[in-house]
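Overview (structure and organization)
This is what each chain is made of:
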Amino acid sequence: MSTRNYAVLLFPQALEALGGAIKPYLSEGPMGPHIQCHEVDTGGAFVQMRFDGTNEGQPVTLELMLPAQMVQMVASMRGESEIGFV
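A brief structural summary. Keep in mind it's a predicted model, so treat the numbers as computed, not measured.

**Focus on the nonpolar core**
Counting 15 residues, the largest nonpolar core has Val8, Leu10, Ile22, Ile35, Met49, Leu64 and Leu66 as its most contacted members. Those elements that place two or more of their residues in this core are strand S1 (4-10), helix H1 (12-18), strand S3 (34-37), strand S5 (46-55) and strand S6 (58-67). Excluding its chain neighbours within four sequence positions, the residues that come into contact with Leu64 are Ile22, Tyr25, Ile35, Val47, Gln48, Met49 and Phe51.

**Re the environment of Ile22**
With respect to the helices and strands, Ile22 occurs in the loop between H1 and strand S2 (26-27). Counting along the chain gives 42 residues from Ile22 to Leu64, while the straight-line C-alpha distance between them is 9.7 Å. Once residues within four sequence positions are removed from consideration, Ile22 is found in contact with Leu10, Leu15, Ile35, Leu64 and Leu66.

**Notes on the pattern of salt bridges**
Following the criterion strictly, the structure yields two salt bridges and no others. Here Arg50 and Glu39 are joined by a salt bridge, their closest N and O atoms 2.8 Å apart. Of this pair, Arg50 sits in strand S5 while Glu39 sits in strand S4 (residues 39-41); the two residues are eleven residues apart in sequence, bridging distant segments of the chain. Across the pair Arg50 and Glu63 runs a salt bridge whose closest N-O atoms are separated by 2.6 Å. Highlighted residues: Arg50 in strand S5 and Glu63 in strand S6, separated in sequence by 13 residues. Owing to a relative accessible area of 39%, Glu63 belongs among the partly exposed residues under this scheme. Put simply, Glu39, Arg50 and Glu63 are held in one network by salt bridges that share partners.

**What about the packing of aromatic side chains?**
Within this structure, the stated rule accounts for one aromatic pair. Seen from their ring centres, Tyr25 and Phe51 are 5.8 Å apart, and the 70° between their planes marks the pair as edge-to-face. Within this pair, whereas Tyr25 is found in the loop between H1 and S2, its partner Phe51 is found in strand S5, the two being separated by 26 residues in sequence. Here Phe51 falls in the buried class, since its relative accessible area comes to 9%.

Parameters and conventions
- Residues numbered from 1 in each chain as written.
- Predicted model: local features only at pLDDT ≥ 70, side-chain atom pairs only at ≥ 80, totals over all residues.
- Heavy atoms only, no water.
- Core = buried A, V, L, I, M, F, W, Y, C linked by side-chain atoms within 4.5 Å.
- Buried < 20%, exposed > 50% of the residue type's maximum accessible area, 1.4 Å probe, protein only.
- Helix = DSSP H or I, 4+ residues; strand = E, 2+ residues; numbered from the N terminus.
- Contact = heavy atoms within 4.5 Å.
- Salt bridge = Lys/Arg side-chain N within 4 Å of Asp/Glu carboxyl O.
- Phe/Tyr/Trp six-rings, centres within 6.5 Å; stacked < 30°, edge-to-face > 60°.

Worth remembering: the numbers are spatial, not functional.
What follows is the structure, encoded as structure tokens:
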């Protein structure tokens with residue numbers, strides 16, 4: 001079964017406003033910084049994103065919620081690889 005990966009791109013003003021708090025969640029690519037996750041819910045005032053991470057070496061599922069106005073675009077891809085924005 002293939003999984004779906006999402007890349008959530010934020011407006012430059014959002015990146016500036018969030019500053020260092022958002023940096024640990026960002027990945028870099030040709031289209032710029034984005035948040036890579038395996039689940040996105042855009043059905044409210046906040047965009048909810050879920051992704052895997054670690055806490056003190058232990059695997060955890062993280063949830064990040066940002067105001068919808070900060071999100072510029074959501075891209076998705078099916079498969080096992082990460083989004084590369086070729």
